[in-house]
Structures are given as C-alpha cells and as structure tokens.
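Working through the structure, step by step
The chain contents come next:
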Amino acid sequence: MTLRSAHKLAARFIALVFFGSALLPAPARAQTAAARAPDRAARTQEPPEEELPPYHHSIFSWDHTVTAATLGVGDTPQSYNPTYTMGFVARTRYYLLDDSLRGRHFSLRLDGGLYREFTNSDVTTQRGEVTLSDLELSSVYAHRIQGRANTDGTLAELRPLTLTLPTSKTSWDSGRYFAPGVLVGVSNVTPWLRGRAPFEISSLVRFAVGYKRWLARATVPTNPTLERVRLTPDGRTLPGDTLSGSSLIRDQLDFSATLRLSLGSDVYWSVSGAIAPAWKYGVADEVSLCGVVLTGCTSLKVSGSDSRYLVRTQFSTEVSLRVAKGFSVELGYGNVANQLGADGRRRSFFYSPEAVFYASVSFFPHELVSGKRQLAQREAVSPSL
C-alpha cells in the first residue's frame, strides 16, 4: 500500500466517524434530556401539601378581656365601671373537600364561646354571670384562582349560607330568632424574602363583604319572661312586658379587611378593621294612645329626626407567639362601637369607652398529629367583642 492510499483510507475513516457521530448521538441526546427532565421538574415544582386531618386549623382559646377604662387608658369615665371577662372560645371546622393541589376546599364551621364576667359591671345583672355568645354556623367554599399553592396565591371565598343563633343573653332576651346571611371574600398570600433571609416573611390580605338579616318576634326588644300584671291609668290590670325605645336591627352589611404578617414561623402580627352599616325595623306611625289622657285618645307620630340607619365600626390589632407545638399566646387590643354613641357623641374608629385589651392562649389540635404549622387563619379580633 502506497502512502497516498494510506492517506485516502485514513481520510475516509475520519469522515465516517465524524458523520456517524453527527447522526447517531441525536437519539441519545434526546434520551438524556428526557431522563433529566423529571429531575429538573422535581427541583422547580412546589413540595406536595401534607395531608391533614379533616378538622385541621380548628382553634380553641382561653380568653381574658378587660376594658381600657378599667386599666385607666383613654378618657376618664364619668362613672367607673370596671369589667373583666374570662371565656373559652371554639372556632371549629370540618373539611368535606380538601384538595390543596387544585386549591379547592369546602368546610362546615361552628364558632362560639362561653364567658364569665367576674366584675359587677353595668352590662350584666349579677356578679359572676355566665353567658354564651351567639353561635355562628357557616358553610365555606374556597377556590384558588391564582398561584401554585395556597401559601403563594389568591383564593376566592364564598359562604353561601351563614346562620347566627341568638344563644347570647342579650339576643335571646330581646326577642331575636336567628339571622341567615351570605359572605364573599378574596384572600392573597404572598411570601417575602424567600431564600434571601434567615427567616421567611409572608403576608395575608383579606377583603370580605357580608350580609345578614335578623328575624325577631317584635320590632323592638321584648322579653316575655318579664311580663308582670300592671295597673293602667284607667284602673284596669293588664299583663305587659318591658320594651325599649330603640328598634332592633333588621338588615346588616359588613365590609371588613385584614392584614396579617408572618415573621418567621412562630410570630404573627395582624390588624383588621370593619364597617357595618345597619337598618332597623320600622316603627308604626300615627299610633292611637287611649286611656292616659283626659280627652280620650291621642295620635302619636314618629319624630321627623328619627333614623332607621346606624353604623358600627370595628378595629383590632393582635400579636401571636407560638410557645410550643400546637400552642400560642395572643395579646391584642380591640374597639367595637356604634359610630354615634348613646350620649350623642361620635365615636372614634380606634377608641371608645367600649375598647378592650385581651390576652389568650390558643390550642391547635391538628399540629399534634401532623407537622403542619398553624397558618394565618385566626381572626384578629377578641371573640368577646
């Protein structure tokens, strides 16, 4: 074999290897890319949500509430009326649908509390009185409309039916039956400084609008148990009950907003506010009153300045600290008052004679059976307000 023939043979061999390498590795490269795709997807995908018991995020609290005036905070009251209340509060929920992957949840909820007032305040009739709060029943459907997870996305909330039962002494004695309602809301959860700080900061912002209609046996507070036989001016004896001069609320709207910050995994700070316009039951006009005037009967008219409309405002702020698995301690301040007080003076959104400070110890049973920490689900307001 000559040198020229050897060069030609080597050139043909190099060309065969080059073109063969260009044609053959394409499927191999595709297979390698396909093999690496799941690993890359696994690195970018959100970790799967932990399966929780159906009662998860139910909260049981031991509350202590004292008015601001009792502590000497705020305006000096005309008459000193110290008030301290202790209560046990339950905010329970049971999930019938709990699909965290798709962000679809449906739950039934029951909120209520049992309280005892240890001081002899003007609100109760006796020292140490025990009373229930109004029970709140609701069905809640939440659907994630944006985001990859419930901890980083936007959820729409619908409560197609809420029911308030008059289990408190005030509601029951005034003659209320119950109040059906509906609520719609939207919540957005946003993580901050993820991977750029030693601890994560996340925020929850919630806006909601609710409507409630009270049904009662009378348009003004009335209590059949207070009926007594009374002597009328014309000398006749008739049974009668105790009536108030102000009619009951019939329709009520509620516009609320909440901001909650999670500082790490054990500290939460929240602030919330609400405005609740309400319309009272109407009262009869041109009512004939007989037997109490010498001329026989007289006609009573509704005052021209009478208003069926009132507004109640609410403000609260709270700091929550997790002290152990399943347990946290809350310290907060809240103010709930009518925009126009009984004395005719306008109340501030942030302070009124009804403002309170409260402290509570909360228990989350789902944390004891799972590693899931309590999310920003606690309402930032004292249950006794």
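Everything that follows concerns the structure shown earlier in this document.
Residues numbered from 1 in each chain as written. Predicted model: local features only at pLDDT ≥ 70, side-chain atom pairs only at ≥ 80, totals over all residues. Heavy atoms only, no water.

**Observations regarding the side chain of Thr 119**
Mapped onto the elements, Thr 119 comes out in the loop between β3 (104-117) and β4 (130-132). Residue Thr 119 is classed as buried on the basis of its relative accessible area, which comes to 17%. Here the side chain of Thr 119 touches Glu 117 through a polar contact of 2.4 Å, side chain to side chain. (Helix = DSSP H or I, 4+ residues; strand = E, 2+ residues; numbered from the N terminus. Buried < 20%, exposed > 50% of the residue type's maximum accessible area, 1.4 Å probe, protein only. Polar contact = N/O pair within 3.5 Å; in protein donor to acceptor, adjacent residues only side chain to side chain.)

**Overview of the pattern of salt bridges**
Evaluation of the coordinates by the stated rule reveals 8 salt bridges. In this structure, Arg 206 and Glu 157 form a salt bridge, with 3.3 Å as the shortest nitrogen-oxygen distance. With Arg 206 in strand β8 (residues 201-213) and Glu 157 in strand β6 (residues 152-165), this residue pair connects regions lying 49 residues apart in the sequence. The class of Arg 206 is buried, set by a relative accessible area of 13%. (Salt bridge = Lys/Arg side-chain N within 4 Å of Asp/Glu carboxyl O.)

**Digging into the packing of aromatic side chains**
Summed over all chains, the structure comprises 8 aromatic pairs. Seen from their ring centres, Tyr 333 and Phe 357 are 5.1 Å apart, and the 50° between their planes marks the pair as tilted. Note that Tyr 333 is positioned in strand β17 (residues 327-338) and Phe 357 in strand β18 (residues 356-363), a separation of 24 residues in sequence. Since its relative accessible area comes to 15%, Tyr 333 is described here as buried. Within the aromatic cluster, the residues linked to one another by ring pairs are Phe 315, Phe 349 and Phe 350. (Phe/Tyr/Trp six-rings, centres within 6.5 Å; stacked < 30°, edge-to-face > 60°.)

Read these as geometric descriptors, not functional statements.
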